[in-house]
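These are the residues of each chain, in order.
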Amino acid sequence: MHLIWENLIPNLIHHWTGQFKGLDEGGEAYEIDKTCWNVIGEAMLWAGNTIPSVYGPCVPNISMDSSKFHKQCYYEHFVHLVRLLNICLQYNISNVESDEVESGFIQWVCNYERFYYQKDPARLATCPVMTHALLHIAEGICAMGPVWCYWAFPMERYCGKLQPVICSCCFPYGSLGHFVVEDAQLTQIKTVYDVADELSFQPIISMHAAYTHPAYPSCALLPPSMTKLPLGNQVTVLASALVTQKQNTKLLSIAHVKEMLKEAQITEWGKVKRIDSDEGDDHCDASFIWYELYIDKYTNQKKRQPEYELKTFYGQIEHLYSIKFMDAKALNRLNLTQDTVILAAIRPCVLGLDIHYYSCMGTLDIVDITTIQCLVGRVPLSNNKWAIIDRSRSLAHALSVQDNNVEAII
């Protein structure tokens, strides 16, 4: 799989920029205009501030390192490749998806030959071995499982780690041998004495001021923090969220819950961090997230029995609240099993026809912190339009469980 990014993708870029082994477009028109290519590069560069750093290093300006096609077919050809690669990168691949990968790559390679080879022996250089290798990916999936089980990325990463340690051109294997032994010794010291953080070159994130609660084992709230009653409208939306919780079966008015909130300890926090992830500590804009909620399918039909379905939303976190109720009566009336509730105020993106694009924000949602699944990135487009970059795929979906006919989000 690593050769796709080291070989196939660079070759496609060389085709689009007219730099592939001295060959022109032939009878096609797939080269991208220089001005459009510069715009693509600038958009990639600006997106570095709105894509979380946990996604990887910032993408450089591709036009400096080396869109708009003249025909839609070339764009659709590339998008088809992206779809097939996303399936290949999944941790679980069904038989139907495996069949789609097989037939999809056959179709993609045929179209590649039609666009770039053009049945011209003089253009044979446009058909490297890597293009043919795509036809065998589905065969490998059927024989050995998803490609992550056997791809070469770990070995490539290790080789990249070894290359800089070669200090002697005359005795390269001596340098490698010393490094491998010392690296193994250091790894054992970290494991045996539990000092991985102390011996790491990465800055250690201080958690002494973080807030955690046993009811929320997956996250920690980070400073700055401020303990005070929010503004009047914020108290109202917090009360409304507590009243409308699906787990809360007792009828309460918003006014009663507002009185309970006045007696509670409400602290607003600056950040939230997943305990098992680097997400949440970021120098880029890491405030946009993907979250999931149960929505009544018949919201507009007041007399109809509610029927809930899980829906996906994208939005920006504006506030993080930990609410600790001191009064046991309040806990009982709110039907809470713990004394603290952690809520997030999220401004949802108003999505267009394509779920990955938005141009404006909706009204504030107050949700339980556990409904937040992962960070997402954004790419700025024209006319105040944004594209959402979500790399989580199936790994971050919430799980729906039923306990005494009451559904919940894990």
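Keep in mind that this is a model prediction, so the values were computed, not measured. (Residues numbered from 1 in each chain as written. Predicted model: local features only at pLDDT ≥ 70, side-chain atom pairs only at ≥ 80, totals over all residues. Heavy atoms only, no water.)

Asks: Talk me through the pairing of strand E3 (residues 265–274); I want residue IDs and the actual numbers.
Replies: In regular strands, side chains alternate between the two faces of the sheet. Across seven bridges, strand E2 (residues 216–227) lies against E3 in antiparallel orientation. Residue pairing for E3: Thr227 is matched across the bridge by Thr267. The sheet contact formed by E3 and strand E5 (residues 308–324) spans five bridges and is antiparallel. The partner of Gln265 across the bridge, within E5, is Lys324. (Pairing = 2+ DSSP bridges. Helix = DSSP H or I, 4+ residues; strand = E, 2+ residues; numbered from the N terminus.)

Asks: I'd like to hear about the packing of aromatic side chains, residue by residue, with values.
Replies: Counted according to the given criterion, the structure contains 13 aromatic pairs. Ring plane angle 25° and centroid distance 5.7 Å describe the contact between Tyr211 and Trp269, whose orientation is recorded as stacked. On the criterion of sequence distance, the pair formed by Tyr211 in strand E1 (residues 211–213) and Trp269 in strand E3 is long-range, its members being 58 residues apart. Here Tyr291 and Phe313 contribute two aromatic rings whose centre-to-centre distance is 5.5 Å and whose plane-to-plane angle is 20°, an arrangement assigned as stacked. Here Phe313 lies in strand E5 and Tyr291 lies in strand E4 (residues 288–296), a separation of 22 residues in the sequence. (Phe/Tyr/Trp six-rings, centres within 6.5 Å; stacked < 30°, edge-to-face > 60°.)

Asks: Provide a residue-level description of the pattern of salt bridges, including the pertinent values.
Replies: For the structure shown, the criterion picks out seven salt bridges. Put simply, Arg123 and Asp24 hold a salt bridge, and the shortest N to O gap is 3.6 Å. Assessed through its relative accessible area of 4%, Arg123 is described here as buried. Between Arg83 and Glu100 there is a salt bridge, with the nearest N and O atoms lying 2.7 Å from each other. (Salt bridge = Lys/Arg side-chain N within 4 Å of Asp/Glu carboxyl O. Buried < 20%, exposed > 50% of the residue type's maximum accessible area, 1.4 Å probe, protein only.)

Asks: Account for the packing of helix H1 (residues 2–16) against helix H5 (residues 95–117), with residues named and values stated.
Replies: Direction vectors running N to C along H1 and H5 enclose 30°, while the axes themselves pass 13 Å from each other. Relative to H5, H1 is oriented roughly parallel. Note on packing geometry: the crossing formed by H1 with H5 is left-handed. For the pair H1 and H5, contact is made by Leu8, Leu12, His15 and Trp16 and by Trp108, Tyr112 and Tyr116, respectively. Class assignment of the residues belonging to the contact of H1 with H5 gives a composition of six nonpolar, one polar and no charged. (Axes fitted to C-alpha atoms, helices over the stretch in contact; angles between N-to-C directions. Parallel < 35°, antiparallel > 145°, perpendicular 65-115°, else oblique. Left-handed = near helix turned anticlockwise from the far one by under 90°. Contact = heavy atoms within 4.5 Å. Nonpolar A, V, L, I, M, F, W, Y, C, P; charged D, E, K, R; others polar.)

Asks: Mind laying out helix H11 (residues 254–263), listing which residues take part and the relevant values?
Replies: Those residues of H11 lying buried are Val257, Met260 and Leu261. One side of H11 holds all its buried residues, which, seen down the axis, span an arc of 100°. Residues of H11 that are buried make contact with helix H10 (232–243), E3, E5 and helix H12 (328–333). (Arc of directions from axis to C-beta.)

Asks: Can you lay out the side chain of Ser322 for me, pointing to particular residues and giving the numbers?
Replies: The residue Ser322 is located in strand E5 in this model. On the basis of relative accessibility, which here comes to 5%, the residue Ser322 falls in the buried class. A distance of 3.0 Å separates the side chain of Ser322 from the side chain of Trp269, its partner in a polar contact. Those residues in contact with Ser322 that lie beyond four places of it in its chain are Tyr211, Leu221, Gln265, Ile266, Thr267, Trp269, Val341 and Ile342. (Polar contact = N/O pair within 3.5 Å; in protein donor to acceptor, adjacent residues only side chain to side chain.)

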